[in-house]
Amino acid sequence: MLEELHSVYPSLYGKDYSESDMDKRFSSLVEKHKELFEREDISLFSASGRTEIAGNHTDHNHGLVIGASINLDTIACVSRRDDMRVILSSEGFPTVDVDVSDLEIKDEEANSTNALLRGIAKGFLNKGLKIGGFNANTTTRVLKGSGLSSSAAIEVLCAEIFNNLFNDDVLSPVELAKIGQYAENVYFKKPSGLLDQIACANGGLVEIDFEDNSNPKVTKLEADFASQGYSIVITDTKGNHANLTGEYASIPPEMKSVARFFGKEVLRQVSFDEFKKNIKEIREAVKNDRALLRAYHFFKENERVEMMSKELREGNIDTFLMLVEESGNSSFRFLQNVYPASQSADQGLSLAIAISEDVLAGDGAVRVHGGGFAGTIQAYVPSYLLEKYISAMENLFGEDACTVIAIRNVPVCRIF
């Protein structure tokens with residue numbers, strides 16, 4: 001098995017990985033499966049985490065986003081069952097045992113893995129596809145709470161297990177992402193968008209256009225930041241996400257309140273010119289200046305995504321990085337998701353951005369990463385500054401605060 005995996009590792013983990021480390025990781029996973037389930041007839045699956053490159057908080061209003069799968073993944077060892085039970089043992093969490101012959105929505109299971117598994121199974125049945133039981137144990141290197149979407153990774157991973165074991169991989173990565181979102185929205189009861197699931201499932205660097213939210217347009221992009229002398233570094237500021245649900249949840253409806261002024265549901269249905277022309281009247285009607293600023297961010301961020309895609313296609317790294325900085329500044333000033341207004345003393349992200357700018361001194365770029373308010377920043381760090389940058393960040397936020405990531409071009413898949 002390990003010899004076969006050796007040919008797979010480079011496509012999953014890029015150039016900078018330890019073969020012996022990965023061998024130990026996969027061997028331990030398989031041995032754990034044998035211990036838990038006493039099965040030898042196993043398959044191995046992998047789903048990556050994701051990074052958001054541009055389009056901060058625009059997907060809920062049907063905007064444009066650039067995202068990418070990364071070389072940190074969740075892996076699963078799987079064996080089929082003869083009944084309809086799905087038993088999932090995730091490292092560090094209680095084992096979940098769900099009978100997928102019962103796919104009723106259960107309110108008491110909201111916000112649980114049980115709900116996700118039932119929802120994913122139901123998503124397959126809704127498409128007229130097959131489901132069945134399986135045993136799975138997983139381990140992950142997608143950092144939890146880091147904006148790298150560990151939850152979306154496990155969703156699309158479980159969807160791919162159903163897809164591969166029972167349906168001959170008939171569904172595309174985007175269709176698997178939609179099933180993950182369906183499970184999260186309907187069964188898990190979290191009103192999430194589709195960005196995380198697509199970026200985890202699809203593989204590579206992509207522009208996603210959510211104008212038709214039920215059928216997003218995914219366009220592949222190419223970029224090799226390492227060959228141009230840059231590493232992408234995610235810094236975890238160790239901020240506390242507790243009590244921030246309201247902060248995250250306020251962004252989509254505030255943007256939509258501006259859309260409603262025009263009789264529309266989402267901002268994508270409104271032009272920037274209409275917004276500017278009517279801004280006085282919108283302000284009087286909405287009575288929320290932050291909503292207007294967030295709408296302004298939406299319009300400018302959509303324009304920026306198109307420009308960033310163009311610069312990536314043309315290989316203009318300097319212009320691309322300038323636009324990354326603009327995106328980060330827009331999130332800070334207009335979207336206002338770098339620190340919670342209710343907790344102004346806790347500004348780890350602001351501090352991380354300040355120190356990043358000091359170390360980078362105009363070379364590279366830095367921005368808030370993911371949802372914001374607490375958590376992580378993303379920096380493009382030139383190779384000659386990488387050691388200095390990581391030292392500065394980890395001196396401030398602690399050992400292992402920094403993770404260097406790379407783009408993975410392989411979608412969620414069975415690898416053995």
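All residue numbers refer to position in the chain's written sequence, counted from 1. Selection of residues for local features in this predicted model requires a pLDDT of at least 70, selection of side-chain atom pairs for listing and counting requires 80 or more, and totals for whole chains, interfaces and linings are taken over all residues. With hydrogens and water set aside, each side-chain value is computed from the structure's full complement of heavy atoms.

Under an unreviewed UniProt entry, the name given to the protein is Galactokinase, and the source organism is Candidatus Ornithospirochaeta avicola. UniProt positions are given in the numbering used here, feature names are shortened, and annotations may be inferred rather than shown by experiment. The annotation that UniProt attaches to the protein under Sequence similarities (unreviewed entry) is "Belongs to the GHMP kinase family. GalK subfamily."

A. Molecular detail of the nonpolar core. Among buried residues, those of type Ala, Val, Leu, Ile, Met, Phe, Trp, Tyr and Cys that are joined through side-chain atoms within 4.5 Å constitute a nonpolar core. Each residue is placed in one exposure class: buried if its accessible area under a 1.4 Å probe, protein chains only, is under 20% of its type's maximum, exposed if it is over 50%, and partly exposed if it falls in between. Ranked by internal contacts, the top residues of the largest apolar core, which has 49 residues, are V78, V100, I120, F124, F134 and F162. Looking at which element gives the most residues to this core, the answer is helix 5 (residues 150-167), with 11 residues. Contacts of I120, omitting those with residues within four sequence positions, involve E155, C158, A159, F162, I179 and A183. The next biggest cluster of nonpolar side chains, apart from the first, holds 26 residues, and it includes I53, I70, V305 and M308. Helix numbers and strand numbers start at the N terminus; a helix is a DSSP run of H or I with at least 4 residues, a strand a run of E with at least 2. The criterion used for residue contact is that any of the two residues' heavy atoms lie within 4.5 Å.

B. Spatial organisation of the side chain of N71. Structurally, N71 can be placed in strand 2 (residues 64-80). The exposure class assigned to N71 is buried, which follows from its relative accessible area of 14%. At 2.9 Å, the side chain of N71 forms a polar contact with the backbone nitrogen of A406. As used in this structure description, the phrase polar contact means that two N or O atoms lie within 3.5 Å; if the pair is within protein, one of them must be able to donate a hydrogen and the other to accept it, and residues adjacent in sequence are counted only when both atoms belong to side chains.

C. Molecular detail of the packing of helix 4 (residues 113-126) against helix 5. Between N-to-C directions, angles cover 0 to 180 degrees, with each direction set by a line fitted to C-alpha atoms, over the stretch in contact for helices. It is at 10 Å that the axes of helix 4 and helix 5 come closest, and there the two elements cross at 45 degrees. In terms of axis orientation, helix 4 runs oblique to helix 5. In the packing of helix 4 onto helix 5, the handedness of the crossing is right-handed. Contacts between helix 4 and helix 5 involve L116, L117, I120, A121 and F124 from the former and E155, C158, A159, F162, N163 and N167 from the latter. By the convention adopted, Pro, Cys, Tyr, Trp, Phe, Met, Ile, Leu, Val and Ala count as nonpolar, Lys, Arg, Asp and Glu as charged, and the other residues, Gly among them, as polar. Each residue belonging to the contact of helix 4 with helix 5 can be placed in one class, and the counts come to eight nonpolar, two polar and one charged. Any angle that falls under 35 degrees is termed roughly parallel, while one over 145 is termed roughly antiparallel, one within 65 to 115 roughly perpendicular, and all others oblique. Helix crossings are classified by the rotation of the near helix relative to the far one: an anticlockwise turn of less than a right angle makes the crossing left-handed, while a clockwise turn makes it right-handed.

D. Focus on the packing of aromatic side chains. Here a pair means two rings of Phe, Tyr or Trp (six-membered ring of Trp) with centres within 6.5 Å. Their orientation is stacked below 30 degrees between planes, edge-to-face above 60, and tilted elsewhere. Considering all chains together, one arrives at 19 aromatic pairs under this definition. Taken together, the ring pairs in this structure connect F272, F275, Y296, F298, F299 and F334 into an aromatic cluster. For a ring to carry a charge above it, either NZ of a lysine or CZ of an arginine must fall within 6 Å of the ring centroid while also lying within 35 degrees of the normal to the ring plane. In this arrangement the basic side chain of K276 is found over the ring face of F272, its NZ or CZ atom lying 4.3 Å from the centre.

E. Looking closely at the pairing of strand 3 (residues 85-90). Counting buried positions over the six residues of strand 3 gives five, a clear majority of the element. By this definition, two strands are paired if DSSP reports at least two bridges between them. Pairing of strand 3 with strand 4 (residues 96-99) involves four bridges; the strand directions are antiparallel. For V86, the partnering residue across the bridge sits in strand 4 and is V98. Linking strand 3 back to strand 4 in an antiparallel pair, the connection comprises five residues, with G92 at a positive phi of about 90 degrees. Strand direction decides the pairing type here: strand 3 and strand 5 (residues 134-140), joined by five bridges, are parallel. Note that in strand 5 the partner of S90 across the bridge is T138.

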